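Single-letter residue listing:
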Amino acid sequence: MAFDMSKFSLAGKTALVTGASYGIGFAIAEGFAAAGATIVFNDINEELVQKGMAAYAEKGIKVHGYVCDVTDEEAVMALIARIEKDVAPVDILVNNAGIIRRIPMHEMESSEFRKVIDVDLVAPYIMAKAVIPSMMKRGHGKIINICSMMSELGRETVSAYASAKGGLKMLTRNICSEYGQYNIQCNGLGPGYIETPQTAPLREIQPDGSRHPFDQFLRAKTPAERWGTPEDLMGPALFLASEASDFVNGQVLYVDGGILAYIGRQP
Ligand code: NAP
Ligand code: GCO
């Protein structure tokens, strides 16, 4: 049977991408819009939502933007109800909103550790719990959790972030296990090191004009010999959001330029 390319279309679907004013979430939403989806996004404050609205408008993309702290369960429930009223039920949820704190673990306040867990792990649970009942009723749904290299590997100073992203990989597998029977697919997308504001400190040019030591290290660890860009994630995210991946469930698709497969280049 010839493959039906329309399986990659998101026409008629409503996608909610959290924390998508810029960066990875913005690129994923842009790719979804190109595939025909109606785009909804939230961010943590009005300034970011307005910044996002302007950026989407510049690309000619009509979006619905809302202020919502993804860690606030009451606000999330209200957001989903508002989206269902203003737009439509959510067919595709991308748990993209995130934070990172780079602090040596023995110096990290437990309140900081908990905050990272709250945003990067508890919030995806809260968001998924809010959209799943409607997906169950409608007999389909896609949930994409934005994981990380730190879902698989540790690194100095990112203990909370790695714990959250490792947990997010298992939350992904558990949602698959519990809701696959309702034709809900939950997969992870694992970006490698991507050029966004979140990683800017790791790419700062040094006072002597040399590349940041981590930048040099990362390039030696990546077969592609470059940082990823948010645009590198558009195609893989579209695949996981589309009917083309209806039999893919509980997986993490790494978009890392080959880092996880490679021992690293000899200095
Ligand atoms: P980011 O700087 O991690 O932030 C994503 C967005 O989420 C920002 O707009 C952020 O607002 C927002 N946000 C933070 N806390 C929130 C909350 N409580 N409620 C609602 N929104 C909130 O952007 P990114 O680098 O594009 O990363 C996006 C996702 O990819 C994150 O989950 C990140 O962990 C993951 N990731 C990033 C990389 C990378 O190399 N960049 C690699 C792998 C995975 P603020 O700007 O106010 O913080
Ligand atoms: C870090 C980076 C990474 C990236 C990403 C890698 O400090 O190690 O911020 O954590 O954000 O998660 O996939």
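What you see is a predicted model; the values in this text were computed from it and never measured.

Parameters at a glance
- Residues numbered from 1 in each chain as written.
- Chains lettered and ligands numbered in written order.
- Predicted model: local features only at pLDDT ≥ 70, side-chain atom pairs only at ≥ 80, totals over all residues.
- Heavy atoms only, no water.
- Near = heavy atom within 4 Å.
- Polar contact = N/O pair within 3.5 Å; in protein donor to acceptor, adjacent residues only side chain to side chain.
- Areas by Shrake-Rupley, 256 points an atom, 1.4 Å probe, with all protein chains shown as cover.
- 1 Å grid on protein atoms, 1.4 Å probe; cavity = no way out; pocket = protein on both sides within 12 Å on 5 of 7 lines; lining within 4 Å.
- Sits in = over half its atoms within 2 Å of the grid points.
- Helix = DSSP H or I, 4+ residues; strand = E, 2+ residues; numbered from the N terminus.
- Buried < 20%, exposed > 50% of the residue type's maximum accessible area, 1.4 Å probe, protein only.
- Contact = heavy atoms within 4.5 Å.
- Points joined across faces, edges and corners; volume = space filled by probe spheres on them.
- Nonpolar A, V, L, I, M, F, W, Y, C, P; charged D, E, K, R; others polar.

**Brief notes about the site of ligand 1**
In the vicinity of ligand 1 lie 27 residues, with Tyr22, Asn96, Tyr161, Ile194 and Thr196 positioned nearest. In this structure, valine 70 approaches ligand 1 through a main-chain N or O atom, which is 3.1 Å from a nitrogen atom. Separating an oxygen atom of ligand 1 from a backbone N or O atom of asparagine 96 is a distance of 2.7 Å. Compared with its free state, where it exposes 870 Å², ligand 1 has 90% of that area covered by protein. With respect to the pocket detection grid, ligand 1 is positioned in the largest pocket. Of all the secondary structure elements, the ones that give two or more residues to the shell around ligand 1 are helix H1 (23-34), strand E2 (38-43) and helix H5 (159-179).

**Things to note about the environment of alanine 15**
As for its placement among the helices and strands, alanine 15 is situated in strand E1 (residues 14-18). On the basis of relative accessibility, which here comes to 0%, the residue alanine 15 falls in the buried class. In this structure, the C-alpha to C-alpha distance between alanine 15 and isoleucine 92, residues 77 residues apart in sequence, is 4.5 Å. When near neighbours in sequence (up to four residues on either side) are disregarded, alanine 15 contacts Phe32, Ala37, Thr38, Ile39, Val40 and Ile92.

**Some words on the layout of surface pockets**
One number sums up the size of the largest pocket: a volume of about 810 Å³. Considering every element that reaches the lining of the largest pocket, the biggest residue donor is H1, with three residues. Grouping the amino acids of the lining of the largest pocket by side-chain chemistry returns 21 nonpolar, 12 polar and seven charged.

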